[in-house]
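This is what each chain is made of:
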Amino acid sequence: MKDAQHISVGGAPEGFDAQLILKEVAKSNGPVVHVARDDKRMAATKSALEFFAPDMPVIVFPGWDCLPYDRVSPNADISATRMATLAGLVHDMPSQFVLLTTLNAATQRVPARKVLKEAAFRAQLDQRVDEGALRQFLVRMGFTQAPTVMEPGDYAIRGGIIDIFPPGDSEPVRLDFFGDVLDGVRRFDPATQRTTEKLDVIELAPVSEVILDEAAITRFRQNYRIEFGAAGTDDPLYEAISAGRKHQGVEHWLPFFHEDLETLFDYLPDAVISVDDQSDAARIARWDSVADQYETRQHAMSQKARLDTVYKPVPPELLYLDDAAWTAAIGGRRVLHFSALPQASGPGVIDAGGRIGRNFSPERQQENLSLFGALADHIRKKLADGPVVVASYSEGARERLSGLIEDEGLAETIHVNDARNLGKTGLFLAVWALEHGFETPGMTVISEQDVLGDRLIRAPRKKKRAENFLTETQSLSPGDLVVHVDHGIGRYLGLEVVTAAGAAHETIALEYAESAKLYLPVENIELLSKYGHDEGLLDRLGGGAWQAKKAKLKERIREMADRLIRVAAERELRSAPVLEAQHHA
């Protein structure tokens, strides 16, 4: 029997669903949890919410970026964001906000609320701080000691100074101690070390869902032995956790570390829930995939097949929600199931009145039809019903569309940043990454993609030919530093033959920070380049520091290009009068 509070909402195309979410926030005077199908949809919903209500707090809870029963841990940035969100939910939160998550994240169990309430550290300026307790907290909560802090979850100690990159923060903080008194707290830019903000208090939350305190280690050992029997000496996971060390991929055994796990919905027991269009089918497919991965691991364990060690998987229902567990988790709640297509109203079904907008594909495909003439005619027709918004992907695209539309004889377009500046009528242009437009009784939204078609995707770079491989590696010696395009600076160890799936494969062995190893197939040599220094800090494999460095470098290159363009323009202006005088002479 369907829950009376579960409502199917038809006529809710993507983009317009953000308005419906905001209406639920206002109606309930409380938070709304929106479950997107995937990360792409979550980002699109966030963009739409920012357009319609830029002042509304929007909190993100992403899913892991690794497969179920994987041998690698989630990205450190993702883990930090997840834990920062959970910590925020159990502490101070505004009365109204939107929590955005994905289907993968919502169908996976998380540490209980009491764990986040107890696992917190707070230090006040000019107050005494137990520095030893702070160091122990950082280790137990999953922070990693590093020479310099570059990504969430890092910490560094230099005498009376402790640098910490808290989860969820955009920049690290520096704690300056005078004896055992906290003498200074400041936020700083990790690249320049310059202070960006002075603070009076610092609050720390766990950076990992696995907390390696004594109770958790004991609990893991007991649960592991109960499930799999006595662990042998060839079980590196069991040995690492027994020694209090975090093992790569340990998060996939999360249920063994906690007394019990909860769902994300337990953190917001009174929140309204909204669910993306087509999510039910995606959720069922997700559970089938989890079950398949588990059965594959089980089969490998029973056959004693091994590449390095036998993987002993946690039963899926301990970490993931099957259909029955999902139904129980959202039972008794007000739940809105969005559908882009209109539905006939009835018990448990309403129509929100939105419709998918017009696509100008026919005009694009026929040379005898004027694409922008058809767009202008459509806009003139819709202006009678209310404001028309044309959403572009970038500022440059907005400028181009503005000129093309005005060339068709329409009134001057009005540029807006968000919906607060929309009038009761008029043509408005906004920078809003919307895939497809929509129409409501009071507004029309047209996306750039509706008009111009799918966005152009840059052709992939041509790979280097495999036969160049031997020539290139001859210039490398064991111990040389190299740069991997995705993982950053590592040390070249040499060539090594790795047996995988019963076949021998020649690889390039690379070493990263904390003795992590990466074996790169020789045919992917184009991903490497030689590092231009004899010495350098190795990047952490799977960390976000390298990506942060690349982003900052790109920004500096853009700034340099802007300066060069300005200098060239100024020179051109200064030389113009001279050239004109010479011409008259």
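Everything below is about the structure printed above this text.
Every chain's residues receive numbers from 1 upward, in the order its sequence appears when written. For this predicted model, a pLDDT threshold of at least 70 governs which residues receive local features, and a threshold of 80 or more governs which side-chain atom pairs are given and counted, while totals over whole chains, interfaces and linings are taken from all residues. Note that water and hydrogens are dropped before the side-chain values are worked out from all heavy atoms of the structure.

Draft legend 1. Spatial organisation of the overall build of the chain. The secondary structure listing takes helices from DSSP runs of H or I that are at least 4 residues long and strands from runs of E that are at least 2 residues long, numbered from the N terminus. Looking only at helices and strands, the chain has 17 helices and 28 strands in total. With 585 residues in all, the chain has 46% of them scored as buried. Of the roughly 30400 Å² of accessible surface on the chain, a fraction of 51% belongs to carbon and sulfur atoms. Exposure classes here rest on a 1.4 Å probe applied to the protein chains alone. A residue is buried below 20% of its type maximum, exposed above 50%, and partly exposed in between. For the accessible areas, the method is Shrake-Rupley and the probe is 1.4 Å, while residue cover comes only from the protein chains on display.

Draft legend 2. Seen up close, the pairing of strand E11 (residues 181-188). The pairing criterion for strands is at least two bridges between them, as found by DSSP. Bridging between strand E10 (residues 173-178) and E11 involves six bridges; their strand directions are antiparallel. Each bridged residue has a counterpart across the sheet, and for Val173 the counterpart in E11 is Arg187. Hairpin connection of E10 to E11: two residues between the antiparallel strands, including Gly179 at a positive phi of 70°. Sheet analysis places E11 next to strand E12 (residues 195-198), joined by three bridges and oriented antiparallel. Bridge assignment links Arg186 to a residue of E12, and that residue is Lys198.

Draft legend 3. Spatial organisation of unusual backbone geometry. Although it is not a glycine, Tyr69 adopts a positive phi angle of roughly 60°. Mapping Tyr69 onto the fold places it in the loop between strand E3 (58-61) and helix H3 (76-90). The buried category is assigned to Tyr69, whose relative accessible area is 3%. For Gln278, which is not glycine, the phi dihedral falls at a positive 65°. As for its position among the elements, Gln278 is in the loop between strand E15 (272-275) and helix H9 (279-302). For Gln278, a relative accessible area of 56% gives the class exposed.

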